[in-house]
Amino acid sequence: MLPFRSPTTIAITTISFSGFLEYAGCKGSKNEQQEVIDLIRANFPDVSLHLDATFTSAITHLVAPANSVTTKILVASLTRCWVLTPQWILESAKAKTLLPEARYGTRNTGQPFKAKSVFLSKQFLAESARSFTATFYRQLIEQIGKGLVVDDVQEADIVCTSKADGVALPIAPSALRLTSFKEFIRFVLDSDSTGDTA
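Residues numbered from 1 in each chain as written. Predicted model: local features only at pLDDT ≥ 70, side-chain atom pairs only at ≥ 80, totals over all residues. Heavy atoms only, no water.

### Notes on the nonpolar core
Formally: Residues belong to one nonpolar core when they are buried, are Ala, Val, Leu, Ile, Met, Phe, Trp, Tyr or Cys, and are joined through side-chain atoms within 4.5 Å. Any residue under 20% of the maximum accessible area for its type is buried, any over 50% is exposed, and the rest in between are partly exposed; the area is computed with a 1.4 Å probe on protein chains only. Only DSSP runs of H or I covering at least 4 residues are called helices, and only runs of E covering at least 2 are called strands; the numbering of each starts at the N terminus. Two residues form a contact once any of their heavy atoms are found within 4.5 Å.
Formed by 29 residues in total, the largest nonpolar core has its most connected members in Leu74, Phe113, Leu120, Cys160 and Phe184. Among the elements of the structure, helix H2 (71–78), strand S6 (117–120), helix H5 (134–144), strand S8 (158–160) and helix H6 (181–189) are those that each provide at least two residues to this core. Every residue in contact with Phe113, bar those within four places of it in the chain, is listed here: Leu78, Val118, Ile141, Gly145, Lys146, Gly147, Ile158, Phe184, Phe187 and Val188. Phe17, Phe44, Val47 and Tyr104 belong to the second-largest nonpolar core, a separate cluster that totals 15 residues.

### With respect to a positive patch on the surface
As a reminder of what qualifies: In this scheme, patches are assembled from residues that exceed 30% relative accessible area and form no salt bridge. Like charges are connected within 9 Å, while nonpolar side chains (Val, Leu, Ile, Met, Phe, Trp, Tyr) are connected within 5 Å. A 1.4 Å probe and the Shrake-Rupley method give the accessible areas. Residues count as covered only by the protein chains that appear here. Definition used for salt bridges: Asp or Glu carboxyl oxygen within 4 Å of a side-chain nitrogen of Lys or Arg. In this charge count, Lys and Arg are treated as positive and Asp and Glu as negative; neither His nor the chain ends contribute. A charged residue contributes its charge at one atom only: NZ of Lys, CZ of Arg, CG of Asp or CD of Glu.
On the surface, Arg80, Arg107, Lys114 and Lys146 cluster together into a positively charged patch. Looking at where Lys114 falls in the secondary structure, it is placed in the loop between strand S5 (105–108) and S6.

### Overview of the sheet that holds strand S7 (residues 148–150)
Filter applied, for reference: Two strands pair if DSSP finds at least two bridges between them. For helices, the fitted line uses only the C-alpha atoms of the stretch in contact; every axis is such a line through C-alpha atoms, and the angle between N-to-C directions lies from 0 to 180 degrees.
Strand order across the open sheet formed by four strands is S7-S6-S8-S9, with parallel pairing between neighbours. The strands lining the two open edges of the sheet, one partner per strand, are S7 and strand S9 (176–178). Strand-to-strand twist of the sheet, defined as the mean angle between neighbouring strand axes without regard to direction, takes the value 25 degrees. Where H5 meets the sheet, its contacts fall on S6 and S7, and the angle it forms with S7 comes to roughly 130 degrees. Contacting S8 and S9, H6 crosses the sheet at an angle of about 125 degrees to S9.

Put into structure tokens, the structure is as follows:
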């Protein structure tokens, strides 16, 4: 099951974390995550921290190392949560105020799957199985993204295929074709983003 609870009213800034690696002594490590947590606790006592692995609708900001791709980041992107680098907290602590987010990350305002039908080819699912299961894709597209996964490629607005599928699939001319897991991720993360993506 996808780690997400249904929407609730958001009253305060709630920060969560994702993508920090287990090994120490490098950028993006658990040590860096702990440093950011300590800075938040010391400088921003009104900020709520969400430190477990699930994603809830109370989360307003997700802090992750640059270029990370995790389940939590995808869900955050589809729920219009800010996805920011640790630099946001480091510089905010120096300034003694939470700085404007746009310089440090993105918040997607688009809804790439809303009211769209999505076809996932067997080859696409097989090639991305190390990262996400078919069940995860269905939950991401239907529960979070408000779209529909379909079994008929000709009914699809968005077609997720593999280069191995070739041109054999009879895709509607108006359908958007994503030919790799990487393209799928980029499509989700770049859907009408606000803020710097550099």
